[in-house]
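Residue-level structural notes
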Amino acid sequence: MNKTKHEKSDGSFRRLLESLVDTVLILLGYYLAFQLRYGFNPASRNLEPFEALLPLIALLAMGLLFFNRLYIEELTGRLELGFRLVLSLGLLGILTMAAAFADRGFAFPRSIFALAFLIQTGILYVWKSFRMHRLWEQRPVRTALVLGPPEETAPVSERIQASPHLGLRAQAVPSDSDVQLSIDSPGVLILCPGLAQESRSRYMEIGLTSGWEVFVVPDYRDILLNSAGVRYLEDKPVLYIRGLTLSLEQQFLKRAMDLVLGTLLLLAALLPMALMALRIRLHDGGPALFRQERLSRYGKRFILLKFRTMVQDAEKETGPVLAEESDGRLLPFGARMRERRLDELPQLINVLKGEMSLVGPRPERPELAEMLEENIEGFTARLMVKAGLTGLAQIQGRYDTRPEDKLNLDLMYIRRYSPLLDLWILAGTIRTVLKKEQGRGVRTESTGGD
């Protein structure tokens with residue numbers, strides 16, 4: 001964003017003040033939990049050790065608030081707020097409990113953690129919901145000029161109109177327009193793919209010199225350049241684009257995380273999986289699991305496992321096709337399974353076998369991958385890492401996100417991979433599952449006959 005130093009410092013101060021208020025409310029939640037558990041005179045053997053840990057709890061709380069971006073400006077709605085609060089306060093309780101029991105003399109009853117979690121979630125949700133509502137009411141609506149060809153500006157404009165928390169009013173502008181920007185009422189300039197390099201450079205200069213915020217919707221080339229290094233050929237600087245493959249150290253860490261978390265998730269899901277398999281089997285007597293050939297790293301083929309959500313032999317007449325919203329081939333409960341991503345739970349077995357990872361680009365069918373490669377430039381670049389059970393494209397995308405945009409999200413993930421990013425995506429998958437609109441409709445990876 002193109003902000004002045006004053007705006008940046010003012011925003012940083014607001015976030016710091018907000019995190020301090022939130023931290024005080026979190027600590028207040030612990031005190032209220034003690035009052036409910038022990039009355040107004042809790043025993044000193046319980047309260048004093050807790051107070052000795054207050055600095056550590058406060059630091060952990062502030063760190064988690066920042067890590068999970070629990071500022072009002074970062075939130076998209078009350079569901080997002082609730083999800084991030086539950087995640088942050090749950091992790092805070094676990095870390096605090098670990099610190100408490102590290103000292104054998106620390107008398108910190110487990111009931112305090114449960115009570116504090118409920119109180120803190122309630123207080124912060126009400127407080128931050130109120131602030132969010134006030135902020136959205138008072139914030140002036142700014143103009144967002146979306147420049148580019150119509151096929152690129154239309155989806156961007158639609159997303160802006162569907163996101164009132166942004167405080168923007170979209171206006172699509174054809175690529176060949178003569179854009180005049182007002183310095184007195186700066187807004188947002190969004191440059192879409194399809195603009196000629198000369199036009200994009202000119203619009204960037206106009207926007208930056210007029211005090212407007214400038215955003216560039218990237219194509220895959222921009223993403224590859226995103227983390228390019230700088231080298232020098234004598235007096236000429238050049239950009240060095242590193243490969244898309246993960247280093248050996250990164251591959252080791254990723255595989256270790258897949259084995260540990262994958263095993264835990266599979267054990268936790270065994271009972272629900274057994275019930276779903278039984279329900280499918282009893283419905284029509286067909287197999288509960290659907291097996292389908294997919295692509296993973298370097299285009300290696302493997303057999304992906306899913307719960308069957310369609311009638312048997314669903315593609316016998318049509319061949320490989322994308323699954324549509326309200327598809328007549330779906331089982332009566334198939335749509336609900338897809339909305340909640342429950343049909344993908346058997347892929348945990350693929351993860352443990354090393355054919356997939358917990359996080360990565362979704363595995364595509366060879367037939368459809370060939371078609372997409374012909375129509376989408378750079379599509380094969382996503383095959384440089386293992387396919388994933390979930391990914392950045394799944395938590396940021398929607399059911400109607402274009403394949404080109406999902407490709408960009410996949411490449412962004414590969415470029416910025418880290419274990420922390422994987423954990424963030426896994427946590428975000430829970431939020432995505434709660435949003436039904438992100439699980440409906442056409443899936444960009446074919447679910448074909450499953």
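Right above here is the structure, for reference.
Let me begin by describing the structure that accompanies this report. (Residues numbered from 1 in each chain as written. Predicted model: local features only at pLDDT ≥ 70, side-chain atom pairs only at ≥ 80, totals over all residues. Heavy atoms only, no water.)

**A short note on the pattern of salt bridges**
Counted only if it meets this: Counted as salt bridges are all cases of a side-chain nitrogen of Lys or Arg within 4 Å of a carboxyl oxygen of Asp or Glu. The numbering of helices and of strands both runs from the N terminus, where a helix is a DSSP run of H or I of at least 4 residues and a strand a run of E of at least 2. Only protein chains enter the accessibility calculation, which uses a 1.4 Å probe; a residue is then buried when its area is under 20% of its type maximum, exposed when over 50%, and partly exposed in between.
Scanning the model with the defined rule gives 18 salt bridges in all. Two residues, Glu18 and Lys128, come together in a salt bridge whose shortest N-O distance is 2.7 Å. You can see Glu18 sitting in helix H1 (residues 5-38) and its partner Lys128 sitting in helix H5 (residues 110-138), a full 110 residues away along the chain. The burial state of Glu18 is the same as that of Lys128; both residues are buried. Of the charged contacts, one joins Glu152 and Arg402 as a salt bridge, the two residues approaching to 3.0 Å between their closest N and O atoms. Separated by 250 residues along the polypeptide, Glu152 in helix H6 (residues 150-161) and Arg402 in the loop between helix H13 (392-396) and helix H14 (403-415) bring together distant segments of the chain. On the accessibility criterion, Glu152 (16% relative accessible area) is buried. Of the residues examined, Arg402 reaches a relative accessible area of 23% and is grouped as partly exposed. Connected through salt bridges with shared partners, the residues Glu18, Asp22, Lys128 and Arg131 form a single ionic network.

**Here's the deal with the packing of helix H4 (residues 78-102) against H5**
As a reminder of what qualifies: The convention used is that axes are lines fitted to C-alpha atoms, helices contributing only their stretch in contact, and that angles between N-to-C directions extend from 0 to 180 degrees. Throughout this description, any angle smaller than 35 degrees is read as roughly parallel, any larger than 145 degrees as roughly antiparallel, any in the 65 to 115 degree range as roughly perpendicular, and the remainder as oblique. By definition, any crossing whose near helix is turned counterclockwise from its far helix by less than a right angle is left-handed, and any crossing with a clockwise turn is right-handed. Any two residues whose heavy atoms approach within 4.5 Å are treated as being in contact. All residues other than Ala, Val, Leu, Ile, Met, Phe, Trp, Tyr, Cys, Pro, Asp, Glu, Lys and Arg, Gly among them, are scored as polar; the first ten of these are nonpolar and the last four charged.
Look at H4 against H5: their axes get within 9 Å of each other, and the N-to-C directions meet at 150 degrees. With respect to H5, the axis of H4 lies roughly antiparallel. Crossing of H4 against H5: the hand is right-handed. Facing H4, whose interface residues are Arg78, Leu81, Gly82, Leu85, Val86, Leu89, Gly90, Gly93, Thr96, Met97, Ala100 and Phe101, H5 presents Arg110, Phe113, Phe117, Gln120, Thr121, Leu124, Tyr125, Lys128, Ser129, Met132 and His133. For the contact of H4 with H5, the class distribution of residues is twelve nonpolar, eight polar and three charged.

**Here's the deal with the environment of Leu118**
As for its placement among the helices and strands, Leu118 is situated in helix H5. Under the relative-accessibility criterion, Leu118 is labelled exposed at 58%.

**Structural notes on the sheet that holds strand S3 (residues 188-191)**
Put simply, the test is: Between any two strands, at least two bridges found by DSSP are needed for them to pair.
The parallel open sheet is built from four strands, whose spatial order is S2-S1-S3-S4. The open sheet has two edge strands, strand S2 (168-173) and strand S4 (213-216), and neither has a second partner. The average undirected angle you get between the axes of adjacent strands in this sheet is 20 degrees. Two strands pair when backbone bridges link them, and strand S1 (residues 142-147) and S3 are joined in this way by four bridges, in the parallel orientation. Counted as the bridge partner of Leu147 is Leu191 from S3. Where H6 meets the sheet, its contacts fall on S1, S2 and S3, and the angle it forms with S2 comes to roughly 170 degrees.

**A look at the environment of Pro150**
The topology assignment puts Pro150 in helix H6. The exposed category is assigned to Pro150, whose relative accessible area is 62%. Along the chain, Pro150 and Ser175 lie 25 residues apart, while their C-alpha atoms are 8.5 Å from each other.

**Some details on the layout of surface pockets**
Under the convention used in this document: Within this scheme a cavity is a closed region of a 1 Å grid, computed over the protein atoms alone, that accommodates a 1.4 Å probe without allowing it to escape, whereas a pocket is open but has protein on both sides within 12 Å along at least five of seven lines; lining residues each have an atom within 4 Å of a point. Grid points are joined across faces, edges and corners, and a volume is the space filled by probe spheres set on the points.
The space that makes up the second largest pocket amounts to roughly 810 Å³. Leu265, Leu426, Ala427, Thr429 and Ile430 are the residues nearest the centre of the second largest pocket, which is lined by 26 residues in total. Taken together, the elements giving at least two residues each to the lining of the second largest pocket come down to H4, helix H9 (248-284), strand S10 (388-390) and helix H15 (419-434). Taken together, the residues that form the lining of the second largest pocket break down as 20 nonpolar, three polar and three charged.

**Description of the packing of helix H3 (residues 54-67) against H4**
H4 packs onto H3 with a crossing angle of 150 degrees between their chain directions and a minimal axis gap of 10 Å. Relative to H4, H3 is oriented roughly antiparallel. When you trace H3 past H4, the crossing you get is right-handed. For the pair H3 and H4, the contacting residues are Leu56, Ile57, Leu60, Ala61 and Leu64 in the first and Ser88, Leu91, Leu92, Leu95, Thr96 and Ala99 in the second. Here the residues of the contact of H3 with H4 sort into nine nonpolar, two polar and no charged.

**Notes on the packing of aromatic side chains**
This is how it is decided: Each pair of aromatic rings taken from Phe, Tyr and Trp, with Trp reduced to its six-membered ring, is defined by centres within 6.5 Å and is described as stacked if the planes are under 30 degrees apart, edge-to-face if over 60, and tilted in the remaining cases. Geometrically, a charge over a ring is one whose NZ (Lys) or CZ (Arg) sits within 6 Å of the ring centre while staying within 35 degrees of the ring normal.
For the structure on display, the rule yields two aromatic pairs. Where Phe34 meets Tyr38, the ring centres are 6.2 Å apart and the plane angle is 25 degrees; that geometry is what we call stacked. Of this pair, Phe34 and Tyr38 both sit in helix H1, four residues apart, which is roughly one turn of the helix. Here Phe34 falls in the buried class, since its relative accessible area comes to 0%. Judged by centre distance (6.2 Å) and plane angle (80 degrees), the ring pair of Tyr413 and Tyr417 falls under edge-to-face. The pair Tyr413 / Tyr417 is uniform in exposure class, with both members buried. Taking the ring centre of Tyr203 as reference, the NZ or CZ of Arg202 above it sits at 4.8 Å.

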